[in-house]
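Read off the chains here:
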Amino acid sequence: MDNKFEIVLLAEAFEFLKSLDIKHSTKILFNIRKSQQKNDPELFKKLTDEIWEFRTLFQGLQYRMLAFWDKTDNKNTLVISTHGFIKKQSKVPENEIFKAETQRKKYFQDNLKNKK
């Protein structure tokens, strides 16, 4: 089955996964791969106009990896994961969304500079 998009982990997202117990990071990556093949809001859900979340519930912990879409290349659609955290309340904290939005702006600014 073809993936609907490719995943890119920014440094902070990668470090978050590395900091977790291997079983937990494996489950998160399993769910991310599942979301590449099937549209399931239990796994990948829109939070704002630009920010999405990969969702994993494992052993009573709610893991979130925030992300955004990069459709600037006509051949490859990318989903860029900015960072991850353990969700402790019902709503995703505004500061986490703001952090993802800030990293999104920086990503596109850096890509624009690299294309010049």
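Rules used throughout
- Residues numbered from 1 in each chain as written.
- Predicted model: local features only at pLDDT ≥ 70, side-chain atom pairs only at ≥ 80, totals over all residues.
- Heavy atoms only, no water.
- Salt bridge = Lys/Arg side-chain N within 4 Å of Asp/Glu carboxyl O.
- Helix = DSSP H or I, 4+ residues; strand = E, 2+ residues; numbered from the N terminus.
- Buried < 20%, exposed > 50% of the residue type's maximum accessible area, 1.4 Å probe, protein only.

K.L.:
What is the right way to read the pattern of salt bridges from this model?
P.N.:
Oppositely charged side chains can pair when the atoms bearing their charge come close. Across all of its chains, the model carries 7 salt bridges by this definition. Note that Glu12 and Lys99 form a salt bridge whose closest N and O atoms lie 2.5 Å from each other. Pair noted here: Glu12 is in helix H1 (residues 11-19) and Lys99 is in helix H3 (residues 94-115), with a separation of 87 residues, a long-range link. Note on Lys99: relative accessible area 31%, which makes it partly exposed. Asp110 is the salt-bridge partner of Lys106, the closest N and O atoms lying 2.7 Å from each other. Separated by 4 residues within a single helix, Lys106 and Asp110 lie in helix H3, roughly one turn from each other. What makes Asp110 partly exposed here is its relative accessible area of 28%. Overlapping salt bridges bring together Glu53, Arg55 and Arg64 as one network.

K.L.:
For this particular structure, what's the right way to read the environment of Asp21?
P.N.:
Residue position: Asp21 is located in the loop between H1 and helix H2 (22-37). A relative accessible area of 45% places Asp21 in the partly exposed class. Expressed as a C-alpha distance, the spacing of Asp21 and Asn31, which sit 10 residues apart in the sequence, is 16 Å.

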